[in-house]
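Descriptive analysis of the structure
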Amino acid sequence: MRKLRLGVDVGGTFTDVVAIDAQSREVVARVKVPTTHAAAAGVAAGIVDGIARLFSDGTIDPAEVSFIAHSTTQATNALLEGDVAQVGVLGLLNGLGPLARMQMRFGRLQLAPGLPFEPKFAFASVRDRKSIETAVGALKQSGTEVLAATEAFSVDRPQGENDAVAIASQAGLFATSGHDVSTMYGLRARTRTAAINAAILPKMVRTARMTAGAVREAAIDSPLMVMRSDGGVMDAREMERRPILTLLSGPAAGVAGALLHENVTDGIFIEVGGTSSDCSAIRAGMPQMRPARVGGHRTMLRTLDVRTLGIAGGSLMRANDGKIVDVGPRSAHIAGLSYACFLDPSAIDGAQFEAFRPSAHDSGDYVALRGGDGTHIAVTPTCAANFLGYVPASAFAYGNSESAGKALAILGAHFGTSAETVAREMLDIASAKVIATIEELIADYELDRHAVVVVGGGGGAAALIPYAAKKTGLDFRLARDAEVISPIGVALALVREVVERTLVDPSPDDILRIRREAQDAVVAAGASPEGVETVVEIDTQRNIVRATASGATELAETAAHGTLDEDARLAAAARLMRAAVADVRAVARTPGLTVYESGAMLRVLDRGGVGRLTLRDGTVRVTAAGCAAEDLRTAIEDATAFGDVGRAMPNLYVLHGARIADYSGLLSAEQAVALAEEELGGREPDAPVLIITSRRPA
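Read on for an overview of the structure. (Residues numbered from 1 in each chain as written. Predicted model: local features only at pLDDT ≥ 70, side-chain atom pairs only at ≥ 80, totals over all residues. Heavy atoms only, no water.)

Moving on, we get to the overall build of the protein chain. Looking only at helices and strands, the protein chain has 20 helices and 39 strands in total. In summary, the protein chain has a C-alpha radius of gyration of 27 Å against a globular reference of 26 Å for 698 residues, a match within 12%. If one aligns the C-alpha atoms of the protein chain with their principal axes, the spans along those axes are about 75 × 75 × 60 Å. Going through the 698 residues of the protein chain one by one, you find that 57% of them count as buried. For the protein chain, the computed accessible surface area is about 27600 Å², with 50% contributed by carbon and sulfur atoms. Treating the 69 positive side-chain charges of the protein chain as one cloud and the 82 negative ones as another, the clouds have centres 4 Å apart. (Helix = DSSP H or I, 4+ residues; strand = E, 2+ residues; numbered from the N terminus. Rg over C-alpha atoms; globule rule 2.2 N^0.38 Å. Buried < 20%, exposed > 50% of the residue type's maximum accessible area, 1.4 Å probe, protein only. Areas by Shrake-Rupley, 256 points an atom, 1.4 Å probe, with all protein chains shown as cover. Lys, Arg positive; Asp, Glu negative; His and termini not counted. Charge placed at Lys NZ, Arg CZ, Asp CG, Glu CD.)

Okay, structure coming up:
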């Protein structure tokens, strides 16, 4: 029986559901339904409807489903719209006195303009159960719906917070705690993060339970997973404890699609919708992260660095004094208008220029056409790109260029110019916003312009990406199945857990302990132990050790990606390296991975031809598990750079079997050797191991 992976992406307008063959990674079915923001069950109703429709024609058997996950906009929307529960913060005092009390209290947060978030506060001795019960009762009496328990140093001793959560639950309250949302020191930021987590908890729990119930009713045996803001997934039951981890879940889905469906290793991924575009950077096969801020305040949540622009395929033109002044942020979707290029040319006959307000809060300089029947018609970047020939016939955004040309000609007559000039002005203004963000991401993450490719996803990708990329001179491509790249990313995502600790000068034993903790956590979350990969990073400026563990679920692990023969893998490597097959050669391999070289570029591909790693000016050392530790020390010494500020550890990867261990974020050879010895501990002494290094400036 074939194995299928189901992905559901909840967008602002539509909810998309896809089924992907787990072996070929081809999309075998797709469904689009309206997102049900206004339904009593919220967006969960749309998820349920989409899953039901996917199975309705009988071509997919629920027994074939090995994995199911969904993204959600509910956490983000709840904060943006102020749709949050009343939170009570219970500060647990453990003898640290006024300083701890002061750190656990914070002022009003502005979630959005005019939408304040102001928890209630109470304090109790962590050693006095009666005191805690009294404080919980007082908070409940004052209108608290959700309790957030917080205590200094609870990351080391969480029992006090756990006891308070249990007492609150017995009192009929939802409850969460500081150590639930972060394992980092920093009482004020951890308390604030816990309070925000509490604010969205009831709504998210209701959504999770309704969706999980629908999955059970559909006779799907696989547990329901939910997209996290870092591009991984977690069990829906875990979302009931930490819903804050789903902030930016929607944009994260698109980035996951770029990584897992498009195999982007170095590039800028831009998901273009109808109203907005999400831009993110991918470097060495890793999405880039940053701390999340809510209401202008730092939280202890790390999310993908996704930069959202108010420009997209459906953005409306704005004009003043007889000239085009802007495009966006309001879109045809929000205004309820049809795109000119998606209408029959006859619908444009007799239409006239008209300035209007898409909503009562908008300025009156937005531009549309008023048709002969009185309806408004939008002239969008999608119309301009179709008219100028930038949209391939296979693209979701492909429309009628004749209709677009007639609409643009009407605008051209109003502005005293040609249809082509209007189209180019629209795309120049729209693409300038995209180009500025592309350049910003390249600079912020020091991306190599020669290796960067701009990848467009989303239904509106063809409207903006070809034109913008041409103006920058960067290589670009439109993603396969671009219009459903987000649900594809959800379907292919891995279970992920992150463990962070505040440590000064961590020892190899400290790093091993944190690595094991992350691995145990991701296995507990549903990942197959055999497939778990863990990356350890050390932030010396903030004294943070971070271990990120990822792996496939047990059911999905049995439906691994298929295997290509050597010629097909070589051809795949050439495509990824943008080189002729004759200029690419295999230089080393393990049973599950092959290293290819072309010029100064190294690429690592798995047996299915999926790019796993890219590196410039790298060195490959072939060894075996039994002598890898000594060879690793030598490789590190040879690739270490020395400068005025000391020595810089190289980029460092150890390949064995089908696994890549990334030790690039470590500070010393001792730390790398300790991790490698544990990683290779179960291997036969003669098992092949590859060590790849590249210098970093000191």
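The description of two aromatic rings rests on the distance between their centres and on the angle between their planes. Within the structure shown, the criterion is met by 5 aromatic pairs. Each ring, one from Phe 153 and one from Tyr 185, has its centre 5.9 Å from the other, and the planes form 70°; the classification is edge-to-face. In this pair, Phe 153 is assigned in the loop between strand 9 (146–151) and helix 5 (159–170) and Tyr 185 in the loop between helix 6 (178–181) and helix 7 (187–217), connecting sequence segments 32 residues apart. The exposure class of Tyr 185 is partly exposed, given its relative accessible area of 32%. (Phe/Tyr/Trp six-rings, centres within 6.5 Å; stacked < 30°, edge-to-face > 60°.)

Turning to the sheet that holds strand 34 (residues 619–624), a few remarks are in order. The strand order 34-39-37-38 describes an open sheet built from 4 strands, whose pairing is antiparallel. Whereas interior strands pair on both sides, the edge strands pair on one side only; in this sheet they are strand 34 and strand 38 (659–662). Direction aside, neighbouring strands of the sheet carry axes that sit 20° apart on average. Where strand 37 (residues 651–656) lies against strand 38, 4 bridges are found, and the strand directions are antiparallel. When the sheet's bridge partners are listed, Leu 655 is paired in strand 38 with Ile 660. (Pairing = 2+ DSSP bridges. Axes fitted to C-alpha atoms, helices over the stretch in contact; angles between N-to-C directions.)

In this section: the side chain of Glu 497. Mapped onto the elements of the fold, Glu 497 is located in strand 27 (residues 495–502). Taking relative accessible area as the criterion, Glu 497 reaches 6% and is therefore assigned buried. A distance of 2.9 Å separates polar atoms of two side chains, one belonging to Glu 497 and the other to Arg 242. Glu 497 has contacts with Arg 228, Glu 238, Arg 242, Ala 518, Ala 521, Val 522, Ala 525, Ala 547, Thr 548 and Ala 549, leaving out every residue within four places of it along the chain. (Polar contact = N/O pair within 3.5 Å; in protein donor to acceptor, adjacent residues only side chain to side chain. Contact = heavy atoms within 4.5 Å.)

For the rest of this paragraph, the subject is helix 9 (residues 249–260). Over its 12 residues, helix 9 extends 16 Å from the first C-alpha to the last, a length consistent with the 16 Å expected when each residue adds 1.5 Å. With 11 of 12 residues buried, helix 9 lies mostly within the body of the structure. All of the buried residues along helix 9 are Ser 249, Gly 250, Pro 251, Ala 252, Ala 253, Gly 254, Val 255, Ala 256, Gly 257, Ala 258 and Leu 259. (Expected span 1.5 Å × (residues − 1).)

Examined against the element boundaries, Met 601 turns out to sit in strand 32 (residues 601–606). Exposure remark for Met 601: the relative accessible area of 13% places this residue in the buried category. Met 601 sits 17 residues away from Gly 618 along the chain, and the two C-alpha atoms are 7.5 Å apart. If near-sequence neighbours (up to four positions away) are discounted, Met 601 is found in contact with Ala 451, Met 577, Tyr 596, Thr 614, Leu 615 and Arg 616.

Note that Thr 72 resides in the loop between strand 4 (65–70) and helix 2 (74–81). Given a relative accessible area of 3%, Thr 72 falls into the buried group. Apart from the residues within four sequence positions on either side, Thr 72 is in contact with Val 10, Val 43, Met 204, Val 226, Thr 246, Ser 249 and Gly 250.

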